[in-house]
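Per-entry structural report
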Amino acid sequence: MNTEPIANRCLKCEAPLPANAPQGLCPKCLLAAAAMPTEAGQPPEKDPLPSLETVAAAFPHLEVLQLIGHGGMGFVYKARQPKLDRFVALKLLPPSLAADPAFAERFNREARLLARLNHPNIVTVHDFGQSGPFFYLLMEYVDGVNLRQAMQAGRFTPQQAMLLVPKICEALQFAHDEGILHRDIKPENILLDTRGRVKIADFGIAKLVGEAKEQLTLTARGMAVGTPHYMAPEQLEHPHDVDQRADIYSLGVVFYEMLTGELPIGRFAPPSTRTTVDPRVDDIVFHALEKEREKRFRSATEVKTSVEAISSSNVALTQSA
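Residues numbered from 1 in each chain as written. Predicted model: local features only at pLDDT ≥ 70, side-chain atom pairs only at ≥ 80, totals over all residues. Heavy atoms only, no water.

**What about the pattern of salt bridges?**
When the charged atoms of two side chains with opposite charge come close together, those side chains can pair. What the rule picks out here adds up to 20 salt bridges. Between lysine 186 and aspartate 184 there is a salt bridge whose closest N-O contact spans 3.5 Å. The same class applies to lysine 186 and to aspartate 184, which are both buried. Across the pair arginine 197 and aspartate 193 runs a salt bridge whose closest N-O atoms are separated by 2.7 Å. On the basis of relative accessibility, which here comes to 41%, the residue arginine 197 falls in the partly exposed class. Residue aspartate 193 is classed as buried on the basis of its relative accessible area of 6%. Connected through shared salt-bridge partners, Glu63, Arg80 and Asp85 make up one network. (Salt bridge = Lys/Arg side-chain N within 4 Å of Asp/Glu carboxyl O. Buried < 20%, exposed > 50% of the residue type's maximum accessible area, 1.4 Å probe, protein only.)

Shown next, in the form of structure tokens:
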């Protein structure tokens, strides 16, 4: 595998890159190439898009600026907090979720846990609650694009993927240690800011580890939560019986997609046959994508250690050459 350091200039305009920018593109080129909203997905079927005026009336302490994304779990607006002079992301959960009388209790319990996820690679939850007809999460605003947009703007090199995966692993391990699963790891929920930093977004459908019987989720009861092509087999078949290994499977799908530009569907080829990646990476990807969860990596830290071991050994070989 080619182990030379990633060029410190943009692949398109050759402008200097920020340190550790995994995209290989400068912020200007990357943002210009990305036109999709931060949170991609289909709009909620039962809930019409609230007008900007309606949202602004419910949050008079914010300057609600624009809709930046929508999906099955709600709507996301860019807003500004005048008192703190900062931009924030305002996520409104679909009003239909509040039809369940016990929803407020579940929401408050999960939101408190999500607010505990204070990690540099996780989007911070600043506040939560109910205002007017909306249950909301007020979150850190990430000025950048998601991984899907970055891949569309310019395909990742194996070296860039190898840099990105350990950061995702660190965030997942932190959340898992707090007893929280993400359950929807996919490129749309992995954000890259203009300084090249990685942030995992949308833990709003997370489920507490070990509380499956109580169904403490922010989704309708009995529904499989996530995105089909990225979901572990057990998450599709038994959505209330999943653990951290479901997130590891989803990470394996994302890793494969970063390396090859394709999804690992059916009988898929090893990454090393599709791109110039160290063949040892094949074992990591296949281990993460084991259909039987007992055969998968047990923790995100194990994935991180395996990836970094290959990167370190290749750097050592290059330096000694």
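What follows continues from the structure just given.
**So, the packing of helix 7 (residues 244–260) against helix 8 (residues 280–288)**
For the pair helix 7 and helix 8, the least separation of the axes is 8 Å and the interaxial angle reads 140 degrees. By the angle class used here, helix 7 and helix 8 are oblique. Packed against helix 7, whose contacting residues are Ile248, Tyr249, Gly252, Phe255, Tyr256 and Leu259, the element helix 8 presents Val281, Ile284, Val285 and Ala288 at the interface. Its residues assigned to classes, the contact of helix 7 with helix 8 shows 9 nonpolar, 1 polar and no charged. (Axes fitted to C-alpha atoms, helices over the stretch in contact; angles between N-to-C directions. Helix = DSSP H or I, 4+ residues; strand = E, 2+ residues; numbered from the N terminus. Parallel < 35°, antiparallel > 145°, perpendicular 65-115°, else oblique. Contact = heavy atoms within 4.5 Å. Nonpolar A, V, L, I, M, F, W, Y, C, P; charged D, E, K, R; others polar.)

**Re the pairing of strand 2 (residues 74–81)**
Every regular strand shows the same layout, with side chains that alternate between the two sheet faces. The buried fraction of strand 2 amounts to 7 of the 8 residues, a majority that puts the element mostly inside the structure. Sheet topology places strand 1 (residues 63–71) next to strand 2; 7 bridges connect them, and they run antiparallel. Across the sheet, residue glycine 71 finds its bridge partner in strand 2, namely glycine 74. One ladder, built from 7 bridges, connects strand 2 with strand 3 (residues 86–92); its direction is antiparallel. Bridge pairing in strand 3 places alanine 79 opposite valine 88. (Pairing = 2+ DSSP bridges.)

**What about the nonpolar core?**
Judged by nonpolar contacts, the single largest core of 67 residues is most densely connected at Leu147, Phe255, Met258 and Val303. Looking at which element gives the most residues to this core, the answer is helix 7, with 10 residues. With 14 residues, the next largest nonpolar core counts Val64, Phe75, Val88 and Leu92 among its residues. (Core = buried A, V, L, I, M, F, W, Y, C linked by side-chain atoms within 4.5 Å.)

**Quick word on the environment of leucine 97**
Within the secondary structure layout, leucine 97 lies in the loop between strand 3 and helix 3 (103–115). Leucine 97 gets classed as buried once you look at its relative accessible area, which sits at 18%. Residues leucine 97 and phenylalanine 107, 10 residues apart in the sequence, show an inter-C-alpha distance of 9.9 Å.

**Examining helix 8**
When helix 8 is considered as a whole, its buried residues turn out to be Val281, Asp282, Ile284, Val285 and Ala288. Each buried residue of helix 8 sits inside an arc of 165 degrees when the element is viewed along its axis, so together they form one side. (Arc of directions from axis to C-beta.)

**Describing helix 5 (residues 158–177)**
Across its 20 residues, helix 5 extends 29 Å between first and last C-alpha, which sits within 8% of the 28 Å expected from 1.5 Å per residue. Of the residues flanking the end of helix 5, it is glycine 179, one or two places downstream, whose phi is positive at about 85 degrees. (Expected span 1.5 Å × (residues − 1).)

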